[in-house]
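For reference, the chains in residue letters:
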Amino acid sequence: MAGGAAALALTGRMLAAEPGARGDPAILDLPAHSKALGQPVAAHGYGLPSVHEKNLQRRESPGLTRVSQASVSFTPLQGLFGIITPNGLHFERHHQGWWDIDPAKHRLMVMGMVRNPKVYTMDDLMRLPSVSRIHFIECGANSGMEWANVAVPTVQYTHGMLSCCEFTGVPLSALLDDCGFDRKTARFILAESADGAGLTRTIGIDRALDDAIVAWGMNGEMLRPENGYPLRLVVPGVQGVSWVKWLRRLEVGDQPWHTREEVMHYIDLMPDGSHRQFTSIQEAKSVITSPSGGQKLLDKGFYNVTGLAWSGRGRIKRVDVSVDGGRNWKTARLETPVLSKALTRFSLGWVWDGGPAILQSRALDETGYVQPRMNQLRAVRGTRSIYHNNAIQSWKVADTGEVSNVQVS
Ligand SMILES: Nc1nc2c(c(=O)[nH]1)N[C@H]1C(S)=C(S)[C@@H](COP(=O)(O)O)O[C@H]1N2
Ligand SMILES: [Mo]
């Protein structure tokens, strides 16, 4: 219930101390910070969050077992504002644990169907013209437990394999051009990692040339070790597994490699027994982050219902919010900026009357695609899926004010 505690803290922060008979001590008693010198500059060479925000942490889901180092920590979406994930709270997914690799010893090899295969040092790469772009990354298994309807308690664990950062690096297309690749014959790129996971994924050439980035920067500083320092692949709109961390090799070829990570994992088992591979684009999805599971509404009255929407196919066009389990919908306000393949923040004012309610959000993207209900998704995909669940999420508000995870058709 650690995540629940974090969620409660969010609501608790708004509680003022009870005014006593003489009035509010928070006003009447002059605090130490108004009477004495504060702390000096550079007390922390690298700044830290307030001690009062200690509860806001990446956490492992109570419902998942850690297998060796191969595990997941989830981003506390319920405690974040806007669209950018702070680097220390970016979710982590490691198949074989993480490393803090010495950039002076790291190399990137580009080979295969290119005229001039090359090995780059980090210095070589960082001398090239770079771009900085804001994109979301979502693990293909995000919300995977909802297929089995196990009522994961908080939004941190239902949707927290999701983050959004400004990534800086060299466009993959520029790197391929630098090695003289042939646009007529090249059709696929293999990306390979330097960690023990030997993570390899095939990426179609269109996607590679469109907006993929070989990135070293994240939110204005170097990538964190957990997120692939010093080099990772950024494949906007595509599920997290293709964002190869500790990237060491790119190979150009004319057919998919059919690696373990694309034929055994990250596939969708369909009702007829067949399985879908290479379903890599993350379709439009949204979730209300506040109020959300584990939180408690302390009183009747006004609430700003807010959350995040995203689409691997481009911009979010509209988000609708329902407070009655999907019978009636209102269009939410989208906060700017609304960027392609990035998280978009939405909000809608709501006056809670103290009765039971079911909160839902539904995203529409610029292609016209509408986020499906869980039963619409199950009708096509069956019940044996793990990956690629982008269904509408429902949060039930009980008359006690307690918010919990429910599935309503
Ligand atoms: N080298 C390497 N790259 C990797 C992984 C890994 O285990 N090793 N995990 C992948 C998966 S499944 C996901 S969802 C994302 C997670 O990125 P993050 O840990 O930065 O959140 O990285 C991908 N790239
Ligand atoms: Mo993943």
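Residues numbered from 1 in each chain as written. Chains lettered and ligands numbered in written order. Predicted model: local features only at pLDDT ≥ 70, side-chain atom pairs only at ≥ 80, totals over all residues. Heavy atoms only, no water.

As for the sheet that holds strand β8 (residues 200-204)
Inference 1: Spatially, the five strands line up as an open sheet ordered β4-β3-β12-β7-β8, and their pairing is mixed. Looking at the sheet topology across the chains shown, the edges are occupied by β4 (118-121) and β8. Within this sheet the neighbouring strands show an average axis-to-axis angle of 20 degrees, counted without direction.
Inference 2: As defined by bridge partners, strand β3 (residues 107-112) adjoins strand β12 (residues 247-253) across four bridges and the pair is classed as parallel. Following the sheet pairing, Val-110 is matched in β12 by Leu-250. (Pairing = 2+ DSSP bridges. Helix = DSSP H or I, 4+ residues; strand = E, 2+ residues; numbered from the N terminus. Axes fitted to C-alpha atoms, helices over the stretch in contact; angles between N-to-C directions.)

What about helix α8 (residues 374-381)?
Inference 1: Turning to α8, its buried residues number three or more, namely Met-374, Leu-377 and Arg-381. Across the axial projection of α8, the buried residues extend over an arc of 65 degrees, all falling on one side. Exposed residues lying more than 90 degrees from the buried face of α8 are Ala-379 and Val-380.
Inference 2: For α8, the elements touching its buried residues are β13 (268-269) and β14 (275-276).
Inference 3: One or two residues past the end of α8 sits Gly-382, with phi positive at roughly 80 degrees. (Buried < 20%, exposed > 50% of the residue type's maximum accessible area, 1.4 Å probe, protein only. Arc of directions from axis to C-beta. Contact = heavy atoms within 4.5 Å.)

Observations regarding empty space enclosed by the protein
Inference 1: On inspection of all chains with the given rule, the structure shows three cavities of 30 Å³ or more.
Inference 2: Here the largest cavity is characterised by a volume of approximately 230 Å³.
Inference 3: Taken together, 22 residues make up the lining of the largest cavity; nearest its centre are Arg-93, Arg-232, Gly-240, Trp-243 and Lys-245.
Inference 4: Classifying every residue of the lining of the largest cavity by side-chain character gives ten nonpolar, eight polar and four charged.
Inference 5: Residue lining of the second largest cavity: 15 residues in total, with Met-374, Ala-391, Ile-392, Gln-393 and Ser-394 positioned closest to the centre.
Inference 6: In terms of residue class, the lining of the second largest cavity is made up of five nonpolar, eight polar and two charged.
Inference 7: Counting contributing residues, the lining of the second largest cavity receives three or more from each of domain 1 (71-276) and domain 2 (285-406). (1 Å grid on protein atoms, 1.4 Å probe; cavity = no way out; pocket = protein on both sides within 12 Å on 5 of 7 lines; lining within 4 Å. Points joined across faces, edges and corners; volume = space filled by probe spheres on them. Nonpolar A, V, L, I, M, F, W, Y, C, P; charged D, E, K, R; others polar. Domains from an automatic or database assignment.)

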